[in-house]
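Notes for the structure review
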Amino acid sequence: MAEHPMLLLIVAQSARMLAQSARREGYTLRVADCFADIDTLDAADRFLQLSALDNLEEHQWLQTIITLSDDEPCWLICGTGIERFYPALPKLPAHIKFAGPSYECFEQICLPEKWIAILEKLSLPHPPTTFQKPQTENSKWLAKSAASWGGTHIVEANLVPESPDRYYQQYIEGISGSVLFLAAADDIQL
């Protein structure tokens, strides 16, 4: 992000890690997230709390970003939890530059049918996945929102009606884990 304004906006379900990284790099930092934990508040020069993302509308998400910017030139970094808002990225005002992957790349990682196809093309292991609710009693399946990442939206498939906004993955017994990373070109920090 050479020749960037020093003002950086971070919007995520939980922005702490990104905010702390940006603070260490000397950015003037404005943050919006759902938790307002003390570490995030300490890192931010200005903070707005987001309501639960499942209840947030696209226009509210955009307005939060515009409010944070105060019409000043800035960069925007989006963390996890905002995946369903990626279609709004082209609607950002010109003074807000998105510091992330291209819109097309974001679409590939936000639409389950696209990233599942990539996993299959690369022969990367993943749980059996379907876009129709499985009708089986021999195994446990999970229903996941196609518009979210993280775990807050995951429920047992038999507890919810079938929906085009969900995809279904077979439950696999084991240790659950996740990786949160910050990347720039070939430099990745876990």
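Residues numbered from 1 in each chain as written. Predicted model: local features only at pLDDT ≥ 70, side-chain atom pairs only at ≥ 80, totals over all residues. Heavy atoms only, no water.

Now for the overall build of the protein. When helices and strands are counted, the protein shows five helices and 11 strands. Here the C-alpha atoms of the protein give a radius of gyration of 18 Å, agreeing with the 16 Å that 2.2 N^0.38 yields for 190 residues. The principal-axis extent of the C-alpha atoms belonging to the protein is close to 55 × 35 × 30 Å. Buried positions account for 37% of the 190 residues belonging to the protein. Looking at the protein alone, contacts between residues at least 24 apart form 47% of all its contacts between residues at least 6 apart. Seen as two clouds, the 14 positive and the 25 negative side-chain charges of the protein have centres 1 Å apart. (Helix = DSSP H or I, 4+ residues; strand = E, 2+ residues; numbered from the N terminus. Rg over C-alpha atoms; globule rule 2.2 N^0.38 Å. Buried < 20%, exposed > 50% of the residue type's maximum accessible area, 1.4 Å probe, protein only. Contact = heavy atoms within 4.5 Å. Lys, Arg positive; Asp, Glu negative; His and termini not counted. Charge placed at Lys NZ, Arg CZ, Asp CG, Glu CD.)

Now for the packing of helix 4 (residues 103-110) against helix 5 (residues 112-121). Taken N-terminus to C-terminus, the directions of helix 4 and helix 5 make an angle of 80 degrees; their axes are 5 Å apart at the nearest point. Taken together, the axis directions place helix 4 and helix 5 in an arrangement best described as roughly perpendicular. Mapping the contact onto sequence places Glu107, Gln108, Ile109 and Cys110 in helix 4 and Pro112, Lys114, Trp115 and Ile118 in helix 5. (Axes fitted to C-alpha atoms, helices over the stretch in contact; angles between N-to-C directions. Parallel < 35°, antiparallel > 145°, perpendicular 65-115°, else oblique.)

A word on the sheet that holds strand 7 (residues 141-145). The antiparallel open sheet is built from four strands, whose spatial order is 6-9-7-8. Strands with a single pairing partner mark the edges of an open sheet, and in this sheet they are strand 6 (129-130) and strand 8 (155-156). Sheet analysis places strand 7 next to strand 8, joined by two bridges and oriented antiparallel. Bridging across to strand 8, Ala143 finds its partner in Val155. (Pairing = 2+ DSSP bridges.)

Looking now at the environment of Leu50. Checked against the element boundaries, Leu50 lands in the loop between strand 3 (46-49) and helix 3 (58-69). Its relative accessible area of 5% is what places Leu50 among the buried residues. Separated by 37 residues in sequence, Leu50 and Gln13 place their C-alpha atoms 7.9 Å apart. Not counting residues within four places of it along the chain, the set of residues in contact with Leu50 comprises Val11, Ala12, Ala32, Asp33, Cys34, Leu56 and Thr64.

Strands sit in the order 3-2-1-4-5 across an open sheet of five strands; the sheet is parallel. Two strands in the sheet have a free side with no partner beyond their single neighbour: strand 3 and strand 5 (96-98). This sheet shows a mean twist of 20 degrees between the axes of neighbouring strands, independent of strand direction. Bridge count between strand 4 (residues 74-78) and strand 5: three bridges; the pairing is parallel.

Of the residues making up helix 5, those classed as buried are Pro112, Ile116 and Leu119. Axial view of helix 5: buried residues confined to an arc of 55 degrees, hence all on one face. Among the structural elements, helix 4, strand 6 and strand 9 (166-170) are those in contact with the buried residues of helix 5. At the exit of helix 5 stands Ser123, carrying a positive phi of roughly 55 degrees. (Arc of directions from axis to C-beta.)

Here we take up unusual backbone geometry. Even without a glycine there, the phi angle at Ala36 is positive, about 55 degrees. Along the chain, the position of Ala36 falls in the loop between strand 2 (28-33) and helix 2 (38-43). We classify Ala36 as partly exposed; its relative accessible area is 21%.

Soluble globular proteins tend to bury their nonpolar side chains together. Core analysis: the largest hydrophobic core is formed by 25 residues, its most contacted members being Val11, Leu50, Trp61, Ile65, Leu76, Ile82 and Leu92. Counting residues in each nonpolar core, the second largest holds 15 residues, with Ile10, Ala22, Val31 and Ile77 among its members. (Core = buried A, V, L, I, M, F, W, Y, C linked by side-chain atoms within 4.5 Å.)

Another point: the pattern of salt bridges. Oppositely charged side chains can form a pair if their charged atoms are brought close together. Within the structure shown, the criterion is met by six salt bridges. Between Arg30 and Asp70 there is a salt bridge; the shortest N-O distance is 3.8 Å. Pair noted here: Arg30 is in strand 2 and Asp70 is in the loop between helix 3 and strand 4, with a separation of 40 residues, a long-range link. Taking the relative accessible area as the measure of exposure, Asp70 reaches 42% and is therefore partly exposed. Two residues, Arg46 and Asp70, come together in a salt bridge whose shortest N-O distance is 2.8 Å. You can see Arg46 sitting in strand 3 and its partner Asp70 sitting in the loop between helix 3 and strand 4, a full 24 residues away along the chain. Residue classification places Arg46 among the partly exposed positions, given a relative accessible area of 27%. Among the charged side chains, a salt-bridge network with shared partners connects Arg30, Arg46, Asp70 and Glu72. (Salt bridge = Lys/Arg side-chain N within 4 Å of Asp/Glu carboxyl O.)

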